[in-house]
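# Coordinate analysis (summary)
Here is what each chain is made of, one letter per residue.
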Amino acid sequence: MSYAKELAAAKKAVSLAARLSQEVQKTLLQSQVWTKSDRSPVTAADYGSQAVVSIVLETELRPEKLSLVAEEETGDLRKKGSEVFLEGITKLVKDTLDAEESHAGSPLSTDDVLNAIDCGKSEGGCSGCHWVLDPIDGTRGFVRGEQYAVGLALLVEGKVVLGVMACPNLPLPSAVCETDKSSQENVGCLFFATTGSGTYVQPLKGNSPPQKVQVSSNENLEEAKFLESYHLSIPIHGSITKKLGIKALPVRMDSQAKYACVSRGDAEIYLRFTLNGHRERIWDHAAGSIITTEAGGIVCDAAGKSLDFSKGKYLAHKTGIIATTKKLMPWVLKAVIESMEEENLHF
Ligand SMILES: Nc1ncnc2c1ncn2[C@@H]1O[C@H](COP(=O)(O)O)[C@@H](OP(=O)(O)O)[C@H]1O
Ligand SMILES: [Mg+2]
Ligand SMILES: [Mg+2]
Ligand SMILES: [Mg+2]
């Protein structure tokens with residue numbers, strides 16, 4: 001199956017959501033960053049992006065019934081005192097849709113926006129088709145004006161078959177090596193992959209054709225580059241990279257943009273262990289993992305098993321996630337297992 005119709009709808013939805021998020025990032029004030037019950041940050045862009053993707057998918061894929069598993073909920077937006085914030089989000093969503101010919105001009109109320117966000121309440125699972133959305137992944141990076149992503153994937157019978165990811169602040173040439181970062185023309189990438197068809201990237205702006213990407217062919221670990229999350233220092237990452245003989249310091253980056261960087265060879269390895277038993281959600285990995293694997297990479301848990309997206313909102317996996325190239329995987333896995341033994345960490 002080619003998933004051409006689904007891919008076109010997903011690219012349109014994610015591109016528009018990225019446009020909305022860029023508008024918000026230009027003028028975001030600290031006072032506009034809310035804190036959710038789990039103490040993580042959320043902004044108008046997280047809610048607005050989820051509403052845009054939900055509305056665009058629903059319209060483009062009609063009459064199919066949309067099942068969407070997405071991060072944001074409307075509980076806080078429905079509370080007294082949120083009216084002005086919600087009206088602001090509604091205006092953002094309307095302005096974004098008005099800029100796209102096929103969606104322009106439709107009336108949009110605050111209730112329409114709440115309903116569109118609530119459409120993301122599906123639980124996913126192992127049967128049927130489910131869209132998986134992280135409307136802003138790396139909200140912390142977004143708030144700092146750094147890396148973030150809009151990640152959308154399609155699960156069919158529990159397997160990721162399609163992924164689209166916008167990285168509005170990612171340089172087109174490379175995010176890891178020094179490039180001309182002063183040129184805004186060179187920033188903003190749209191990655192996409194469908195099962196069996198490879199991974200492509202195109203600029204978020206303009207009409208340049210997509211280009212196929214491949215993971216790095218480097219087999220020299222001394223020269224390898226390694227990515228990890230920005231916000232937490234994870235001691236086991238240091239011991240794994242030391243065993244591997246990697247010389248460079250880790251590149252710390254927010255969001256699934258890390259998977260995209262592995263997919264196009266900016267870096268060879270992305271490690272994601274957690275300190276506090278954090279349970280990984282499927283929307284933090286669905287789009288990124290297919291973008292890496294279709295470019296020739298491997299994504300697995302610390303036991304070397306593929307990630308299982310079929311068990312609902314949470315990933316069924318063993319401690320730690322590894323994304324790297326097929327060539328380097330045996331070495332990385334060996335170093336991971338040895339380091340886990342030394343640090344008395346268990347699967
Ligand atoms: N303590 C924790 N450990 C690991 N991941 C966490 C975490 N708390 C939140 N996260 C998840 O990590 C994601 C960001 O990943 P990264 O660190 O690679 O940027 C967050 O996505 P959101 O920003 O979409 O909420 C959130 O889902
Ligand atoms: Mg979040
Ligand atoms: Mg996320
Ligand atoms: Mg998010």
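Bear in mind that the values here come from a model prediction, so they are computed numbers and not experimental data.

What counts and how
- Residues numbered from 1 in each chain as written.
- Chains lettered and ligands numbered in written order.
- Predicted model: local features only at pLDDT ≥ 70, side-chain atom pairs only at ≥ 80, totals over all residues.
- Heavy atoms only, no water.
- Helix = DSSP H or I, 4+ residues; strand = E, 2+ residues; numbered from the N terminus.
- Rg over C-alpha atoms; globule rule 2.2 N^0.38 Å.
- Buried < 20%, exposed > 50% of the residue type's maximum accessible area, 1.4 Å probe, protein only.
- UniProt positions renumbered as here; feature names shortened; annotations may be inferred.
- Contact = heavy atoms within 4.5 Å.
- Salt bridge = Lys/Arg side-chain N within 4 Å of Asp/Glu carboxyl O.
- Domains from an automatic or database assignment.
- Polar contact = N/O pair within 3.5 Å; in protein donor to acceptor, adjacent residues only side chain to side chain.
- Nonpolar A, V, L, I, M, F, W, Y, C, P; charged D, E, K, R; others polar.
- Donors = N, O, S within 2.8 Å, 3.2 Å for Na, K, Ca; no water.
- Near = heavy atom within 4 Å.
- Areas by Shrake-Rupley, 256 points an atom, 1.4 Å probe, with all protein chains shown as cover.

## Quick look at the overall build of the chain
On a plain count of helices and strands, the chain comes out with nine helices and 14 strands. Relative to its length of 347 residues, the chain is compact, with a C-alpha radius of gyration of 19 Å against a globular reference of 20 Å. Principal-axis analysis of the C-alpha atoms gives the chain an extent of 60 × 40 × 40 Å. Across the 347 residues that make up the chain, the buried fraction comes to 57%.

## Comments concerning the UniProt feature "binding site: Mg(2+)" (unreviewed entry) in the chain
Within the UniProt annotation, "binding site: Mg(2+)" (unreviewed entry) is assigned to E71, D134, I136, D137 and D284. With the annotated positions falling across 214 residues, the maximum pairwise C-alpha distance of 9.8 Å places them together in a single cluster. Ignoring sequence-local partners within four residues, the contact set of E71 consists of K36, Q50, L133, D134, P135, I136 and W283. Look at D137 and you get buried, because its relative accessible area is 8%.

## What to know about the pattern of salt bridges
Using the criterion set out here, one finds 24 salt bridges in the structure. The closest approach of N and O atoms between K26 and E23, which form a salt bridge, is 2.8 Å. One end of the pair, K26, and the other, E23, are both in helix α1 (residues 4–27), three residues apart, so they sit about a helical turn from each other. Of the residues examined, K26 reaches a relative accessible area of 62% and is grouped as exposed.

## Observations concerning the domain arrangement of the chain
For the chain, the domain assignment lists domain 1 (4–213) and domain 2 (221–342). Just the C-alpha atoms count here: the centres of domain 1 and domain 2 sit 23 Å apart. Applying the counting criterion to the domain 1 and domain 2 interface returns two salt bridges. Put simply, E123 and K313 hold a salt bridge, and the shortest N to O gap is 3.9 Å. Linking domain 1 with domain 2 are ten residue pairs in polar contact (both at pLDDT 80 or more), by the criterion used here. Counting only elements with at least two residues in the side of domain 1 that touches domain 2, the list comes to β3 (68–70), β4 (129–137), α5 (139–144), β5 (149–156), β6 (159–171) and β7 (187–194). Here the residues of the side of domain 1 that touches domain 2 sort into 28 nonpolar, 15 polar and nine charged.

## Regarding the coordination of the magnesium ion (ligand 3)
The magnesium ion (ligand 3) binds to the protein through D134 (OD), D137 (OD) and D284 (OD), with metal-donor distances spanning 1.9 to 2.1 Å. Of note, the magnesium ion (ligand 3) draws all its donor residues from one chain, in the sequence arrangement D-x2-D-x146-D. Distance-wise, the magnesium ion (ligand 2) is placed 5.3 Å from the magnesium ion (ligand 3). Of this pair, D134 sits in strand β4 while D284 sits in the loop between β12 (269–272) and α8 (286–293), and the two are 150 residues apart along the sequence. The pair formed by D134 and D284 is uniform in burial state, with each residue classed as buried.

## Focus: the site of ligand 1
Close to ligand 1 lie 16 residues, the nearest being G138, S229, S255, K258 and D284. Between an oxygen atom of ligand 1 and a main-chain N or O atom of T139, the distance comes to 2.9 Å. In this structure, K258 approaches ligand 1 through a side-chain N or O atom, which is 2.6 Å from an oxygen atom. Protein burial of ligand 1: of its 570 Å² of free accessible surface, 89% is covered by the chains. Here the shell around ligand 1 is built from residues that sort into one nonpolar, eight polar and seven charged.

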